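The residues making up each chain are set out below.
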Amino acid sequence: DAKTTQPNSMESNEEEPVHLPCNHSTISGTDYIHWYRQLPSQGPEYVIHGLTSNVNNRMASLAIAEDRKSSTLILHRATLRDAAVYYCILIWAGGTSYGKLTFGQGTILTVHP
Amino acid sequence: NAGVTQTPKFQVLKTGQSMTLQCAQDMNHNSMYWYRQDPGMGLRLIYYSASEGTTDKGEVPNGYNVSRLNKREFSLRLESAAPSQTSVYFCASRDRVGGRGELFFGEGSRLTVL
């Protein structure tokens, strides 16, 4: 299974942009890149996903490298409520291992007022 | 729309006792998952069910069994609980639309084994 690598922690100031990186050098052509975040004492929640092109939604933007070996989750203006653990995972579209979704350690984002 | 519902939310067991964690989703999703999360750690996959009628082992299946009762329900059973199984357990589901379907998680079940 393709794996992802993220920094253990990052810090930001409130109302500043945050760029959370994820490396996935063994990504396959059918892997989608998904981002989730987990607020304290809650279950993870979906943030955004993409395949090849950059994506935007109300929560964040996802920038995907041209070779797809890395991606960056962008929070345009961090708020204190964005303090969470952010997970980058790859979801394979098919094959015998379909459905086996594993998470790494994620990045702990601290936002300072 | 309830999404993914887990019961119970909290449970305390003694070593050797058995229990079942229940999970139900009302989104007509094909795939369901059980994860555990130890304090300060990431999520680890215990078992998953890619579709109704199938179950497969994840990263840490030892000490657990699962049942995909129907399309809505996926239960996790601890036959003989051990202190090492003290953790927060999350159930998740997603639709089978290739890689596009997002995961939906329950609120978690906090289990303590004494």
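Quick caveat: nothing in here was measured; it's all calculated off a predicted structure. (Residues numbered from 1 in each chain as written. Chains lettered and ligands numbered in written order. Predicted model: local features only at pLDDT ≥ 70, side-chain atom pairs only at ≥ 80, totals over all residues. Heavy atoms only, no water.)

K.L.:
Help me understand the overall build of chain A, please; the structure alone is not making it clear to me.
P.N.:
Along the backbone of chain A there are zero helices and nine strands. Since a compact globule built from 113 residues should have a radius of gyration of about 13 Å, the 14 Å found for chain A is in line with a globular shape. Taking the principal axes of its C-alpha atoms as reference, chain A extends roughly 45 × 30 × 25 Å. Of all 113 residues assigned to chain A, the portion counted as buried reaches 46%. The contacts of chain A with a sequence gap of at least 6 include a subset with a gap of at least 24, amounting to 58%. Accessible area for chain A stands at about 5600 Å²; split by element, carbon and sulfur atoms hold 48% of it. Separation of charge centres in chain A, based on 8 positive and 10 negative side chains, amounts to 7 Å. (Helix = DSSP H or I, 4+ residues; strand = E, 2+ residues; numbered from the N terminus. Rg over C-alpha atoms; globule rule 2.2 N^0.38 Å. Buried < 20%, exposed > 50% of the residue type's maximum accessible area, 1.4 Å probe, protein only. Contact = heavy atoms within 4.5 Å. Areas by Shrake-Rupley, 256 points an atom, 1.4 Å probe, with all protein chains shown as cover. Lys, Arg positive; Asp, Glu negative; His and termini not counted. Charge placed at Lys NZ, Arg CZ, Asp CG, Glu CD.)

K.L.:
I tried to follow the interface of chain B and chain A on my own but got confused; where do I start?
P.N.:
Size of an interface, as often reported, equals the accessible area lost when the parts are brought together. Each side of the interface is counted separately: chain B has 27 residues, and chain A has 22 residues. Across the chain B-chain A interface, the total number found is zero salt bridges. Counting across the chain B and chain A interface gives five residue pairs in polar contact (both at pLDDT 80 or more). Per-element accounting of the side of chain B that touches chain A gives the leading share, four residues, to strand E4 (residues 31-37) of chain B. Looking at the side of chain B that touches chain A, its residues break down into eleven nonpolar, eight polar and eight charged. (Salt bridge = Lys/Arg side-chain N within 4 Å of Asp/Glu carboxyl O. Polar contact = N/O pair within 3.5 Å; in protein donor to acceptor, adjacent residues only side chain to side chain. Nonpolar A, V, L, I, M, F, W, Y, C, P; charged D, E, K, R; others polar.)

K.L.:
How should I be thinking about the nonpolar core in this particular structure?
P.N.:
Generally speaking, soluble globular proteins have nonpolar side chains that are buried together. All names here are of chain A. The biggest cluster of nonpolar side chains holds 21 residues, and the ones touching the most others in it are Leu20, Ile33, Trp35, Leu73, Leu75, Tyr86 and Leu109. Per element, the largest residue contribution to this core is four residues, and it comes from strand E8 (residues 84-92). Excluding its chain neighbours within four sequence positions, the residues that come into contact with Leu73 are Val18, His19, Leu20, Trp35, Val47, Ile48, Ala60, Ser61 and Tyr86. (Core = buried A, V, L, I, M, F, W, Y, C linked by side-chain atoms within 4.5 Å.)

K.L.:
Quick question: what am I supposed to make of the sheet that holds strand E9 (residues 107-112) of chain A here?
P.N.:
Residues and elements named next belong to chain A. Strand order in the open sheet made by the five strands is E1-E9-E8-E3-E4, with mixed pairing throughout. Sheet topology places strand E1 (9-13) and strand E4 (45-50) at the edges, where each strand pairs with a single neighbour. Each adjacent strand pair in this sheet contributes to an overall mean axis angle of 25 degrees, direction not counted. Of the strand pairs in this sheet, strand E3 (residues 31-38) and E8 are connected by eight bridges, and their pairing is antiparallel. From the neighbouring strand, His34 faces E8, where its bridge partner is Ile89. (Pairing = 2+ DSSP bridges. Axes fitted to C-alpha atoms, helices over the stretch in contact; angles between N-to-C directions.)

K.L.:
For this particular structure, what's the right way to read the side chain of Gln6 of chain B?
P.N.:
Here Gln6 of chain B shows up in strand E1 (residues 4-7). Owing to a relative accessible area of 3%, Gln6 of chain B belongs among the buried residues under this scheme.

K.L.:
How should the state of the cysteines be read in this particular structure?
P.N.:
Simply put, the disulfide is a covalent bond whose two ends are the sulfur atoms of two cysteines. Residues and elements named next belong to chain B. Inspection of every chain in the model, using the stated rule, returns two disulfides over all chains. The residue that forms a disulfide with Cys23 is Cys91, at a sulfur-sulfur distance of 1.9 Å. Judged by the sign of its S-S torsion, about -75 degrees, the bond between Cys23 and Cys91 is left-handed. Pair noted here: Cys23 is in strand E3 (residues 19-25) and Cys91 is in strand E9 (residues 87-94), with a separation of 68 residues, a long-range link. When its relative accessible area of 0% is taken as the criterion, Cys91 is described as buried. (Disulfide = S-S within 2.5 Å.)

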